[in-house]
Number of protein chains: 2
Amino acid sequence: VLCGGVGAAKLLAGMVRVLEGDALTAIVNVGDDFELHGLEISPDLDTVVYTVAGAIDPERGWGLRDETWHAMEALSRYDTETWFNLGDRDLATHMYRTERRRAGAPLSQVSAQIARAWGLGLRVLPASDDRLRTIVTLAESGEQVSFQDYFVRQRHDVAVTRVDFDGAADAAPAPGVLDAIAGADVVVVAPSNPLISIGPVLAVPGVRAAVQARRDQVVAVSPIVAGQALKGPADRLLGELGHERSVLGVARLYAEIAETLVIDEADAGYAEEIGRLGLRCVVTDTIMRDPDRAARLSQAVLAAMP
Amino acid sequence: VLCGGVGAAKLLAGMVRVLEGDALTAIVNVGDDFELHGLEISPDLDTVVYTVAGAIDPERGWGLRDETWHAMEALSRYDTETWFNLGDRDLATHMYRTERRRAGAPLSQVSAQIARAWGLGLRVLPASDDRLRTIVTLAESGEQVSFQDYFVRQRHDVAVTRVDFDGAADAAPAPGVLDAIAGADVVVVAPSNPLISIGPVLAVPGVRAAVQARRDQVVAVSPIVAGQALKGPADRLLGELGHERSVLGVARLYAEIAETLVIDEADAGYAEEIGRLGLRCVVTDTIMRDPDRAARLSQAVLAAMP
């Protein structure tokens, strides 16, 4: 499963209800990773682990449930930025990752240890162990900012003219990534933002080609329903970056790499046009309101191949 | 004031009651500094700031009062060492220091910012901006361990054969240290462990000579009362490292750099012998049971010069 954050994590939480955990490999976006207060933060990797472990805060959609914020409150005493909230228990994950990384462990190894510590059976792999950073160019100022600056500090409430993946050209797929894609019965593209969540995964040299080589077994799930992203700025970004702001825009982005596109019932009217792009359409309820529906969507995804 | 941790911090908390804060400079041991979970930790600097700010936990003597431990509890899920406790609010200080240090700020600058953030008037200087680490050789194994390993993990409950200050030879005094010593009306050596708290301060090239050059204005306060350290292993260390395990051992260590030694009433009987070492003795109550007594001791220290 190629993964971004929240949408992918929900799908994975459904997948582990219909498959054995060890049959699953999550290949997770690292373009949102960043350093803050000396700590290494990997938001999408953590969202995947916390969600599959049932520990994510269901209201916020990020971070841990029953969290406290004492460190952040104390940090406000100091002259530093506090727009990115880090919960006290969540901090432990960043501290552990930072410690292990500074001791020389690659991110893939640390991510496996974190997943194991949370008792997960599925394999959690970063797309790359190398530094890859999503950089967003803002329309108004022309400024290039980090993904978190755009997404959290500016609440993705500003227009964007381009997205770059800094470091991608020199990044290598993390150990296991290409093998997992090559050996999978089904390669799933999770309902994550195609431009800023799946984009950075495919931008790691070798990954797009590996997925494309398995096109017949690739099932993508649209994150756009009735022209809107369920969460985040995927719909606006599609428009701002010159794509159609609907499931059709998603279909065009995935037509080269996927045989099948799972779309929501609300978008059934697009099925024919998507078919003309050479994509098989599977129409189902894609909105994962709860783990049961995530499990049902997972079954539909796994059954989607002809 | 040359400072270690707890004893020095209590004296400083008394000093700020009898002097304007901006008349005071604390020159603080950095030999106990270390890195943990990717964060830079400076225990003595923080103990000084938290204590003078009235925020130290009075029971533990370290860390913040009304502290919570959620991050540490969460950290125990991971495969890492958890013998060094970091409170949630305390973590903010380490996160801020680490962030600023990684951005290139020297420890002295960060320490000044932290002291200011806590509203302190006194100047808080690390003895050095360079890496200096107290290394303890254990008697039984011959193993060389970090100060925190000895002090916290092994609860200073093991015999020691030597103490080294790794990096001291290449360390420079932090900006302001030598000027503060040269320009002070009184140079105070706080009632800290002479071997592992004051020792690393004096080991920074230039500091011992600067103090010695002001010997007539140097007043040291004994951390040993009636043959015992009020806190920590100073008494045992004196014995293990070949010094007399009493205020006399302290006097011999300080005779070259101090004109005056403040000793406790319990040790009045040593005054004559200390006098023969060329040290003036001032006998008073040195046990800082509360801030009032710390203030009285501060007055005695400041009045100690002839």
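In this report, the structure presented in the accompanying data block is examined. What you are looking at is a predicted structure, and each value in this text was computed from that prediction instead of being measured. (Residues numbered from 1 in each chain as written. Chains lettered and ligands numbered in written order. Predicted model: local features only at pLDDT ≥ 70, side-chain atom pairs only at ≥ 80, totals over all residues. Heavy atoms only, no water.)

### Regarding the sheet that holds strand 6 (residues 133–138) of chain B
All names here are of chain B. Convention followed: When DSSP finds at least two bridges between two strands, those strands are taken to pair. Numbering goes from the N terminus for both helices and strands, where a helix is a DSSP run of H or I of at least four residues and a strand is a run of E of at least two. Angles here are taken between N-to-C directions and fall from 0 to 180 degrees, while the axes themselves are lines fitted to C-alpha atoms, restricted in helices to the stretch in contact.
Here we have three strands laid out as an open sheet, ordered 7-6-8, and antiparallel in their pairing. The open sheet has two edge strands with one neighbour each: strand 7 (144–146) and strand 8 (160–166). On average, each strand axis in the sheet is tilted by 30° relative to the strand beside it, whichever way the strands run. In the sheet, strand 6 pairs with strand 7 via three bridges, with the strands oriented antiparallel.

### So, the relation of the copies chain A and chain B
What counts is decided by this rule: Superposing the copies works by least squares over the C-alpha atoms of residues that have pLDDT at least 70 in both of them. What makes two residues a contact is simply this: any of their non-hydrogen atoms within 4.5 Å.
Mapping chain A onto chain B calls for a rotation angle of 180° and an axial translation of 0.0 Å; the resulting RMSD is 0.0 Å. Here the symmetry operator amounts to a two-fold rotation axis. Across chain A, the rotation axis passes nearest the C-alpha of Asp88 of chain A, at a separation of 3.1 Å. When you check the interface residues of chain A against chain B, 100% turn up at the interface there too, and the contact is symmetric in its surfaces.

### Focus: the side chain of Thr25 of chain A
All names here are of chain A. What counts here: Throughout this description, a polar contact denotes any pair of N or O atoms lying within 3.5 Å of each other; where both atoms belong to protein, one of them has to be capable of donating a hydrogen while the other can accept it, and for residues adjacent in sequence the pair is counted only when both atoms sit in side chains.
Within the secondary structure, Thr25 sits in strand 2 (residues 25–28). Polar contacts involving the side chain of Thr25 include one to the side chain of Arg123, which spans 3.5 Å. Excluding residues within four positions of it along the chain, Thr25 makes contact with Val1, Arg123, Leu125 and Ala180.

### Observations regarding helix 8 (residues 194–202) of chain B
Residues and elements named next belong to chain B. The criterion, for reference: Here the term buried applies to any residue with accessible area under 20% of the maximum for its type, exposed to any over 50%, and partly exposed to those in between, with areas from a 1.4 Å probe on protein chains only.
Across the nine residues of helix 8, nine count as buried, placing the element largely inside the fold. Those residues of helix 8 not exposed but buried are Pro194, Leu195, Ile196, Ser197, Ile198, Gly199, Pro200, Val201 and Leu202. For helix 8, the N-terminal capping position is held by Asn193, with its side-chain oxygen 2.9 Å away from the main-chain nitrogen of Leu195.

### Quick look at the interface of chain A and chain B
The condition is simple: In short, buried area is how much 1.4 Å probe accessible area vanishes from two parts on joining, totalled over both. Any carboxyl oxygen of Asp or Glu that lies within 4 Å of a side-chain nitrogen of Lys or Arg is treated as forming a salt bridge with it.
Between chain A and chain B, the residue contacts involve 26 residues of the former and 26 residues of the latter. For the chain A and chain B pair, buried surface summed over both sides reaches about 2,600 Å², with 64% attributable to carbon and sulfur atoms. On the chain A side of the contact with chain B, Arg77, Tyr78 and Met95 of chain A bury the most area, a combined 25% of that side's loss. One can count zero salt bridges joining chain A with chain B.

### Brief notes about the sheet that holds strand 8 (residues 160–166) of chain A
Within a beta sheet, neighbouring strands are joined by backbone hydrogen bonds and run either parallel or antiparallel to one another. Residue and element names in this part refer to chain A. Spatially, three strands are ordered 7-6-8 in an open sheet, and the strand pairing comes out antiparallel. Of all strands in the sheet, those bounded by a partner on one side alone are strand 7 (144–146) and strand 8. On average, adjacent strands in this sheet sit at an angle of 30° to one another, irrespective of strand direction. Examined bridge by bridge, strand 6 (residues 133–138) and strand 8 share six bridges and lie antiparallel to one another. Counterpart to Ile135 in the pairing with strand 8 is Asp164.

### Topic: the pattern of salt bridges
As a working rule, side chains carrying opposite charge can pair if their charged atoms are close by. By the definition in use, this model includes 29 salt bridges over all chains. A salt bridge links Arg162 of chain A to Asp164 of chain A; its shortest N-O distance comes to 2.6 Å. Relative accessible area serves as the criterion here: at 46%, Arg162 of chain A is assigned to the partly exposed category. Of the charged contacts, one joins Glu35 of chain B and Arg133 of chain B as a salt bridge, the two residues approaching to 4.0 Å between their closest N and O atoms. Of this pair, Glu35 of chain B sits in strand 3 (residues 34–36) while Arg133 of chain B is found in strand 6, placing the two residues 98 residues apart along the sequence. The class of Arg133 of chain B is buried, set by a relative accessible area of 15%.

That is the geometry; function is a separate question.
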